[in-house]
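Chain by chain, the residues:
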Amino acid sequence: MIELLKLSKQYHAGGVTIDALRPTSLVIPQGAFLTVMGPSGSGKSTLLNLFGLLVHPTTGAYKLNGKEVSSLSDDETSHVRNQTIGMVFQSFNLLSHLTCLENVCLPMQYARDRHATMKARGRALLDQLGLQGRYDSKPTQLSGGQCQRVAIARALANEPPVILADEPTGNLDEQTGLEVMQIFSDLHRAGKTIILVTHNPSYETYATHRITIHDGNVTFKNEKSPSHPA
Amino acid sequence: MSILELFKTVYASLTRHIIRALLATLGIVLGIAAVVAMLAISEGGKRGIIDQIKAQGINNIILKSVKPETSSDPKMDKRRISSYGITQKDYHHISTTFSHIEQIVPIQAFDTGVYSGQNRTDIFVLSTERTLFEIINCTLADSRSKPFPGENNGIFLPSCYLGVEAARKLFGHRDPLNQDVGIGRYSFRVIGLLEGDGQGRIGGSHNINNVIYIPLSMANTIWGRSRSVAYDYLYIRVKEVEHVSELVARLKSYLSVTHVNVDYELQVPYELMRAAEKTQRIFTLVMTSIAAISLLVGGIGIMNIMLANIFERTREIGIRRALGATRRDILLQFLAESIVLTFFGGALGIGVGILTAYGAEALAKWNGDLTIHAIITPESLFVSLAVSVITGLTFGTYPAWKAARLDPLIALRHE
Ligand SMILES: Nc1ncnc2c1ncn2[C@@H]1O[C@H](COP(=O)(O)OP(=O)(O)O)[C@@H](O)[C@H]1O
Ligand SMILES: [Mg+2]
């Protein structure tokens, strides 16, 4: 379960203060599929990076599974990122000099897993995502859709309960985008909490909860939107 | 991340740009090569020179007669110049009045040719007393050797001892004992064989194994009248090495009064050794400085390449942090990269250094110079590797620290 309490983020750039996220309170239950929509520069990535502990909030509290995580030390934050959160990016963010399998194994390396278990699990994940036989391929030898599937396998490596995806289909054609959305839908059905930033309104059909952001203001789309304390 | 994973990561990163990695370590390679080559050559030189000096005996003082420069002064009488050097009076005075002397032995040298068949050999003829063999640490090479004749030997049969090398030159594989050797117009019976440290030199010039030793008394009887020098050398063995300098000082003051025309030379292996050791220390100091400078330059090269490397791989750092790498993980990764770089640079440098050292030796030999000798000690290799690793550690720390301090999100967004 994810709880935000009056969480906000301001940026100060060149004497100007930008409210990337105005104070927002919301609760996302475990197993929810939340889509985040909004125009460019509205604060979607900022919200996602707050969820992913890649930025510190300016004000407010962030509870992950009941634990306050916005004031953890750098090491503890790294540990939460490693164990609880899986991140998927628009530009895949694979390391080009490593093989697919090595990329998938990265989070397990930082979890200090045993070498053999790591490789076995990495292969199993790649198989699960339809990448049998591509273990030793470099990302440059793969298509965009395949790259994104490697990235999703990597996000799943340490079996995190939460998957964050920032426009994961933004670099893909429509057909491939749908395939990737199907993967997220399957993961949701398997019990993962999915938070997905997208520009495509049709993807909202996969969601259990939907929000939109305008100029850092979060609005809830319908009745099925996350409850928020008054 | 485990050590294994760490090294796999480092391997994957470094093998991306092999040429760049090689160039980055060039400074280290050359620095370590210089260290290894110089250590090898200086070690060889040290052992060579110091062994040679030690072979003279560090307890010994050698007083040598030297023909004084012929003076252009017409008043200088020819007869006075024809007789020079250490006199019997000197020998007597030194042996009776100076303390700390364990043994003192006079030596006469003869430039009489020694022939093997028709060919003149380079064998040298010396007359001396039995105690010399102890002073220059020679032992009997043949147990059948008869005692070296002393002062009051009744029988007068010209007899001699042979150094093993002289024996080989004169008799090859034949038994030299009881054979005769012709020296000048006289024939000497070989009654003993001597062997000593092959580096030992009488008066610093004649290999002790390549000499015919004849008893002093016999030589005096045969050639005594025709000589212009009473003794060519006086070998003095001092009881304790601490007294060498003191005795040298007293000898100098005695000789400066009695031999104003300086027809002598003092050879003091102990002082030569001290001087050689001092030279060695200065050499080592200079080499260490040169090595330090090359390693500093090499280290800065490593730091430079690592900073560029880290800038180029900012996004990778962001990705790794997003996946859960701690600052320590990042720090270790980049530190390991610079250490692996310098370690292999060092290993390469050791290879180049060894080749250089042996190459220098071979080149010198080819040119007929036998003084350059390379000795590679295991310690020098260990020290070189340790130095390379320490260089990597020293100059890799700042870039690695910078990498670890990067903000994860800013790094992730880096283009
Ligand atoms: N590091 C930053 N420094 C200053 N301003 C930033 C920074 N990151 C984001 N912003 C600003 O915050 C706002 C929201 O950005 P972002 O969350 O990336 O929008 P979106 O992902 O919806 O396009 C934008 O106005 C952007 O310029
Ligand atoms: Mg964005």
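For clarity, every value in this text was computed on a predicted model and none was experimentally measured.

**Observations concerning the site of ligand 1**
Here comes step 1: Taken together, A:Tyr11, A:Ile18, A:Ala20, A:Pro39, A:Ser40, A:Gly41, A:Ser42, A:Gly43, A:Lys44, A:Ser45, A:Thr46 and B:Arg413 make up all the residues around ligand 1.
Here comes step 2: Around ligand 1 the close residues trace back to chains A and B.
Here comes step 3: Note that a nitrogen atom of ligand 1 is positioned 3.0 Å from one of the side-chain N or O atoms of B:Arg413.
Here comes step 4: Look at ligand 1: alone it shows 560 Å² of surface, and the protein chains cover 70% of it.

**Focus: empty space enclosed by the protein**
One water molecule sets the probe size; rolling that probe over the atoms shows where empty space is left.
Here comes step 1: Within this structure, the stated rule accounts for 5 cavities of 30 Å³ or more.
Here comes step 2: In this structure, the largest cavity encloses a volume near 140 Å³.
Here comes step 3: For the largest cavity, the lining is made up of 13 residues, of which B:Leu14, B:His17, B:Arg20, B:Ala21 and B:Asn309 are closest to its centre.
Here comes step 4: Mapped onto the lining of the largest cavity, the elements with two or more residues apiece are α1 (3-14), α2 (18-24), α10 (269-312) and α12 (327-366) of chain B.
Here comes step 5: Here the lining of the largest cavity is composed, by residue class, of 6 nonpolar, 3 polar and 4 charged.
Here comes step 6: Within this model, the second largest cavity holds a volume of roughly 110 Å³.
Here comes step 7: What lines the second largest cavity is a set of 13 residues, among which A:Glu102, A:Gln109, B:Glu5, B:Lys8 and B:Thr9 lie closest to the centre.
Here comes step 8: When contributions to the lining of the second largest cavity are tallied by element, the ones reaching two or more residues are α3 (100-110) and α4 (115-128) of chain A together with α1 of chain B.

**So, the layout of surface pockets**
Here comes step 1: The calculated volume of the largest pocket comes to roughly 580 Å³.
Here comes step 2: For the largest pocket, the lining is made up of 29 residues, of which A:Ser45, A:Thr46, A:Asn49, A:Asp166 and B:Arg413 are closest to its centre.
Here comes step 3: Taken together, the elements giving at least two residues each to the lining of the largest pocket come down to β2 (16-28) and α1 (44-51) of chain A together with α14 (408-413) of chain B.
Here comes step 4: If you tally residues by element for the lining of the largest pocket, the top one is α1(A), at 5 residues.
Here comes step 5: Here the residues of the lining of the largest pocket sort into 8 nonpolar, 12 polar and 9 charged.
Here comes step 6: The computed volume of the second largest pocket comes to approximately 370 Å³.
Here comes step 7: Around the second largest pocket, the lining is made up of 16 residues, and of these B:Ala109, B:Phe110, B:Asp111, B:Arg227 and B:Asp232 lie nearest the centre.
Here comes step 8: Of all the secondary-structure elements, those providing two or more residues to the lining of the second largest pocket are β1 (60-65) and β2 (101-110) of chain B.
Here comes step 9: Tallied by class, the residues present in the lining of the second largest pocket amount to 7 nonpolar, 4 polar and 5 charged.

Rules used in this analysis
- Residues numbered from 1 in each chain as written.
- Chains lettered and ligands numbered in written order.
- Predicted model: local features only at pLDDT ≥ 70, side-chain atom pairs only at ≥ 80, totals over all residues.
- Heavy atoms only, no water.
- Near = heavy atom within 4 Å.
- Polar contact = N/O pair within 3.5 Å; in protein donor to acceptor, adjacent residues only side chain to side chain.
- Areas by Shrake-Rupley, 256 points an atom, 1.4 Å probe, with all protein chains shown as cover.
- 1 Å grid on protein atoms, 1.4 Å probe; cavity = no way out; pocket = protein on both sides within 12 Å on 5 of 7 lines; lining within 4 Å.
- Points joined across faces, edges and corners; volume = space filled by probe spheres on them.
- Helix = DSSP H or I, 4+ residues; strand = E, 2+ residues; numbered from the N terminus.
- Nonpolar A, V, L, I, M, F, W, Y, C, P; charged D, E, K, R; others polar.

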